[in-house]
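# Structural features, examined
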Amino acid sequence: MTDLEKIQSIMRDIFDNETLEIDESTSAEDIAEWDSFSNIQLIAAAEQHFAVKFTTQEAIHIRTVGDILNLIRQKKLPVDKL
Amino acid sequence: MTTDIKTIENTIFSKSFYSWSASEIMGLSRKIIKNQSEILANHPELVQKRIAICGTCNIRFISSGLIPFLMAEGIFPLIFEGKFNGLSSEILSSDSDLYAFDPDYLIAITDYRDIHEFPPYLTSIEKVRETANRRIEESVHFWEYFHQRCRSKVLLTNIAIPNRHILGGLEANLVSGRDVFLRILNLTFLEKKPTFLTFLDQEALSADFGKDRWFDDSEWFISKQPFALEAIPIFSLTIAKQIAADIGKIRKCLITDLDNTLWGGILGDDGINGINLDPNDPIGESFLDFQKTLKLYKDRGILLAVCSKNDPVIAKEVFQKHPTCILKTEDFSAFIANWEDKPINIQKIASQLNIGLDSLVFFDDNPAERDLVKKVLPMVQVIDVPEDPAEFSMALIRSHCFDWGQLTVEDLNRSETLRADRKRSELGAIALNYEDYLKALEMRISIAKALPHELNRFTQLINKTNQFNLRTRRYNESEITAMATDPDKVLLRVTLQDKFSDYGIISAIILNLDHSRKNILIDTWVMSCRVFKRGIEDEVMNYLIAFAKDNGFQTVEGEYVCSPRNGLVADLYPRYGFKMVQQSDISKKYILDINDYVPCETWFNFELKGKES
């Protein structure tokens with residue numbers, strides 16, 4: 001599973017929408033349920049899943065799926081793809 | 001598109017979500033909200049409660065996390081979410097949405113950030129206490145203001161002392177330090193706590209969770225969530241347990257296995273000298289520690305019982321003769337060792353102790369036995385026992401299975417009372433007939449209006465009695481306290497003593513007086529199952545009729561509302577000559593003209609019978 005697919009599965013769960021399709025450009029404006037409340041949940045779930053921690057500055061500037069993926073790429077140590 | 005409703009329900013009621021992350025639980029919560037009317041229709045046994053959550057922070061996450069835990073405890077919550085930092089305004093303006101919502105429970109969340117006045121460093125302890133007293137008096141005042149306007153019970157967090165030790169190691173050495181001040185605040189509030197208020201021990205929760213993980217400052221700055229999202233599950237579980245206990249869902253008895261549960265090894269193979277209860281061996285010490293924990297539970301009023309596949313004589317011998325065994329035969333209220341199936345024996349224990357299966361907790365190291373009990377007796381709580389006996393104590397404690405809403409003297413003496421019961425039945429065996437037996441018990445009864453200090457036990461009886469309970473109406477302590485001063489209500493409590501034990505308060509009655517109709521309605525009548533078949537109900541009825549006569553009433557009305565557990569009293573009123581006036585599938589209403597009443601013969605010692613009006 002790619003990171004994007006993982007984020008998609010987290011978002012499907014949080015937004016309770018099993019057919020949700022996202023790409024890097026998907027933003028809060030595209031998803032009705034993506035509000036400030038679920039955004040916190042999304043951040044917490046992503047941090048937990050990828051074992052990373054976003055700074056306050058990073059967290060408050062997340063607007064799109066791409067923002068999350070970029071942060072994860074910066075923070076995650078390279079691991080072997082299985 | 002959405003998850004199947006059955007899957008959601010299974011997740012809730014199997015409690016399988018307990019191990020989920022906060023984010024996953026909030027996802028579940030969202031699914032529950034979407035399907036709530038269907039869940040309620042499928043589960044009419046859920047008790048609906050109006051629950052308001054207010055705080056000095058953002059409470060959306062907490063409220064979302066709470067829903068699945070409440071449902072798992074059998075409560076269907078109607079939630080009111082207070083505004084961000086809305087606590088003061090919701091409470092101080094009597095036309096606020098909170099009062100309009102009229103909650104059964106108000107969960108109030110506050111934390112250390114709300115405390116602005118600290119004593120200056122190097123202040124004397126007297127001055128520190130003065131500052132604390134002043135602050136707590138204001139808080140008590142605030143809550144009393146709410147209590148005068150709303151019948152709701154309040155669940156209020158105490159303060160979690162933060163991991164911000166400005167003085168470093170000195171913090172523990174100066175009475176004027178900030179940490180110490182917060183501790184004193186918690187303690188002072190406890191000393192001055194009004195009865196309608198219950199604390200949620202946020203301080204203990206945060207310490208158990210780990211303060212460095214509990215406090216997530218970034219999360220606070222971003223969303224005003226007062227503690228880390230990951231702590232929401234344990235926080236919610238604690239609240240749900242507290243509310244469940246308050247509405248009478250409590251467990252009273254712990255049933256344990258013996259081999260590899262209370263000691264290491266198999267008694268039948270290793271013999272009394274071969275089992276491991278060696279205080280100098282880590283494994284032996286683990287089992288001894290678990291026994292010590294059980295003793296502590298016994299001392300707080302939990303009944304202990306043994307259910308083991310063993311020879312009964314040899315098994316009892318361990319508790320009588322083993323030199324290091326901590327628990328003794330008399331610590332157990334029931335002791336069953338034989339080769340029958342455990343579910344059968346568990347049912348026997350429940351009937352011996354005269355308590356429901358839903359009052360039982362089962363602790364057995366053998367996963368096969370646990371599975372069998374789970375399947376055959378789903379109402380028994382089965383503890384997931386870890387493999388390592390060193391973890392037994394904490395597995396039991398962490399299960400929260402004995403979270404009660406209150407503790408009374410009657411609870412603490414229960415195990416002794418039950419032991420006296422056994423002696424009593426021996427007396428029964430030698431008495432010629434039941435009447436002689438009752439006389440030989442030398443029972444002393446007192447029936448009187450409940451005094452303020454008795455309302456705690458009075459409330460507890462009303463909420464946990466299932467069998468001798470005519471209408472199964474539940475009232476919380478705030479409601480009972482209000483009734484105690486209502487001129488149209490009479491709250492009667494009955495105490496009983498006999499030759500063997502002092503039972504304390506064993507029956508609670510609420511009467512509604514209707515002076516214009518000259519009628520008394522028995523709103524509530526409950527009696528503890530421990531004192532059935534002693535003629536107490538006869539004596540109470542004699543008293544009620546005399547009370548009605550003395551106060552100029554002509555009729556007494558009673559109602560029997562059928563519940564799954566109160567078949568015992570289905571025919572109580574006709575026994576005293578009450579005539580049925582109305583009948584439906586679940587209810588029968590009765591009336592008695594007091595002139596038609598024939599007093600019952602009873603066997604109580606009249607000297608101590610209180611009859612003050």
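Quick look at the structure, then. Source: prediction; values computed, not measured.

### Overview of the overall build of chain B
If you tally the helices and strands in chain B, you get 25 helices and 18 strands. C-alpha atoms of chain B, sized along the principal axes, occupy 75 × 75 × 65 Å. Restricting to contacts in chain B with at least 6 residues of sequence separation, those with at least 24 account for 72%. Entry remark: accessible area of chain B is about 26,800 Å², with carbon and sulfur atoms responsible for 52%. Computing the positive centroid from 72 side-chain charges and the negative centroid from 87, chain B places the two 3 Å apart.

### Details of the overall build of chain A
A count of helical and extended segments in chain A gives 4 helices and 0 strands. From first element to last, N terminus to C terminus, chain A shows the α and β order α-α-α-α. Against the 2.2 N^0.38 benchmark of 12 Å for 82 residues, chain A shows a C-alpha radius of gyration of 12 Å, consistent with a compact globule. Here the C-alpha coordinates of chain A stretch approximately 35 × 30 × 20 Å along the principal axes. When each of the 82 residues of chain A is scored for burial, the buried share is 46%. Within chain A, contacts between residues at least 6 apart in sequence are counted, and of these 49% link residues at least 24 apart. Per element, the accessible surface of chain A, about 4,800 Å² overall, is 52% carbon and sulfur. Each charge sign in chain A was given a centre, from 8 positive and 16 negative side chains, and these centres are 8 Å apart.

### Observations concerning the environment of threonine 555 of chain B
Residue and element names in this part refer to chain B. The residue threonine 555 is located in strand 16 (residues 555–561) in this model. The exposure class of threonine 555 is buried, given its relative accessible area of 17%. With 23 residues separating them in the primary sequence, threonine 555 and phenylalanine 578 have C-alpha atoms 10.0 Å apart. Those residues in contact with threonine 555, other than ones at most four positions away along the chain, are Arg517, Lys518, Asn519, Ile520, Ile591, Leu592 and Asp593. A distance of 2.8 Å separates a polar atom in the side chain of threonine 555 from a polar atom in the side chain of asparagine 519.

### Overview of the packing of helix 7 (residues 125–149) of chain B against helix 8 (residues 178–192) of chain B
Residue and element names in this part refer to chain B. At their nearest, the axes of helix 7 and helix 8 sit 9 Å apart, and the two run at 50 degrees to each other. In this view, helix 7 runs oblique relative to helix 8, as classed from their interaxial angle. Here the hand of the crossing between helix 7 and helix 8 comes out right-handed. Where helix 7 abuts helix 8, its residues Ile125, Val128, Thr131, Ala132, Asn133, Arg135, Ile136, Glu137, Ser139, Val140 and Trp143 lie against Phe181, Ile184, Leu185, Thr188, Phe189 and Lys192. Counted by class, the contact of helix 7 with helix 8 contains 10 nonpolar, 4 polar and 3 charged residues.

### Observations regarding the packing of aromatic side chains
All names here are of chain B. On inspection of all chains with the given rule, the structure shows 29 aromatic pairs over all chains. Measuring from centroid to centroid gives 5.7 Å for tyrosine 573 and tyrosine 590, while their planes differ by 45 degrees, and the two rings are tilted. In this pair, tyrosine 573 sits in helix 25 (residues 572–575) while tyrosine 590 sits in strand 18 (residues 587–593), placing the two residues 17 residues apart along the sequence. Of the two residues, tyrosine 573 and tyrosine 590, both sit in the buried class. Connected via pairs of aromatic rings, a cluster forms that spans Tyr99, Phe142, Trp143 and Phe146. Above the face of the phenylalanine 209 ring, arginine 213 is positioned so that its terminal group lies 4.1 Å from the ring centre. The ring of tryptophan 404 has arginine 300 lying over it, and the distance from NZ or CZ to the ring centre is 4.8 Å.

### Considerations on the side chain of threonine 188 of chain B
Inspection of the secondary structure assignment puts threonine 188 of chain B in helix 8. In this view, threonine 188 of chain B contacts Ala132, Asn133 and Ile136 of chain B; residues no more than four positions away in its chain are not counted.

### Overview of the pairing of strand 18 of chain B
Residue and element names in this part refer to chain B. Pairing of strand 16 with strand 18, which is carried by 7 bridges, proceeds in the antiparallel orientation. Paired with glutamate 557 across the two strands is isoleucine 591, which belongs to strand 18. The pairing of strand 17 (residues 579–583) with strand 18 spans 4 bridges and is classified as antiparallel. Across the sheet, the residue bridging to glutamine 582 is lysine 589, located in strand 18.

### What to know about the interface of chain A and chain B
Size of an interface, as often reported, equals the accessible area lost when the parts are brought together. At the interface, 19 residues of chain A touch 19 residues of chain B. Between chain A and chain B the total buried area reaches about 1,800 Å² when both faces are included, carbon and sulfur atoms providing 54% of it. The largest contributions to the chain A side of the interface with chain B come from Asp16, Phe37 and Ile40 of chain A, which together make up 39% of the buried area. The interface formed by chain A and chain B contains 7 residue pairs in polar contact (both at pLDDT 80 or more). Taken together, the elements giving at least two residues each to the side of chain A that touches chain B come down to helix 1 (3–14), helix 2 (36–50) and helix 3 (56–60) of chain A. Among the elements that make up the side of chain A that touches chain B, the one with the highest residue count is helix 2 of chain A (7 residues). Grouping the amino acids of the side of chain A that touches chain B by side-chain chemistry returns 8 nonpolar, 6 polar and 5 charged.

### Let's talk about unusual backbone geometry
All names here are of chain B. A positive phi angle is found at histidine 400, which is not glycine, with a value near 55 degrees. The topology assignment puts histidine 400 in the loop between helix 18 (392–398) and helix 19 (409–412). Positive phi, close to 55 degrees, is recorded for lysine 518, a residue that is not glycine. Positionally, lysine 518 belongs in the loop between strand 14 (502–514) and strand 15 (519–527). The exposure class of lysine 518 is partly exposed, given its relative accessible area of 38%.

Here is what the cut-offs are and how they apply
- Residues numbered from 1 in each chain as written.
- Chains lettered and ligands numbered in written order.
- Predicted model: local features only at pLDDT ≥ 70, side-chain atom pairs only at ≥ 80, totals over all residues.
- Heavy atoms only, no water.
- Helix = DSSP H or I, 4+ residues; strand = E, 2+ residues; numbered from the N terminus.
- Contact = heavy atoms within 4.5 Å.
- Areas by Shrake-Rupley, 256 points an atom, 1.4 Å probe, with all protein chains shown as cover.
- Lys, Arg positive; Asp, Glu negative; His and termini not counted.
- Charge placed at Lys NZ, Arg CZ, Asp CG, Glu CD.
- Rg over C-alpha atoms; globule rule 2.2 N^0.38 Å.
- Buried < 20%, exposed > 50% of the residue type's maximum accessible area, 1.4 Å probe, protein only.
- Polar contact = N/O pair within 3.5 Å; in protein donor to acceptor, adjacent residues only side chain to side chain.
- Axes fitted to C-alpha atoms, helices over the stretch in contact; angles between N-to-C directions.
- Parallel < 35°, antiparallel > 145°, perpendicular 65-115°, else oblique.
- Left-handed = near helix turned anticlockwise from the far one by under 90°.
- Nonpolar A, V, L, I, M, F, W, Y, C, P; charged D, E, K, R; others polar.
- Phe/Tyr/Trp six-rings, centres within 6.5 Å; stacked < 30°, edge-to-face > 60°.
- Lys NZ or Arg CZ within 6 Å of the ring centre and 35° of its normal.
- Pairing = 2+ DSSP bridges.
- Buried area = accessible area lost by both parts, 1.4 Å probe.

From the geometry alone we can't say anything about function, so treat these as descriptive.
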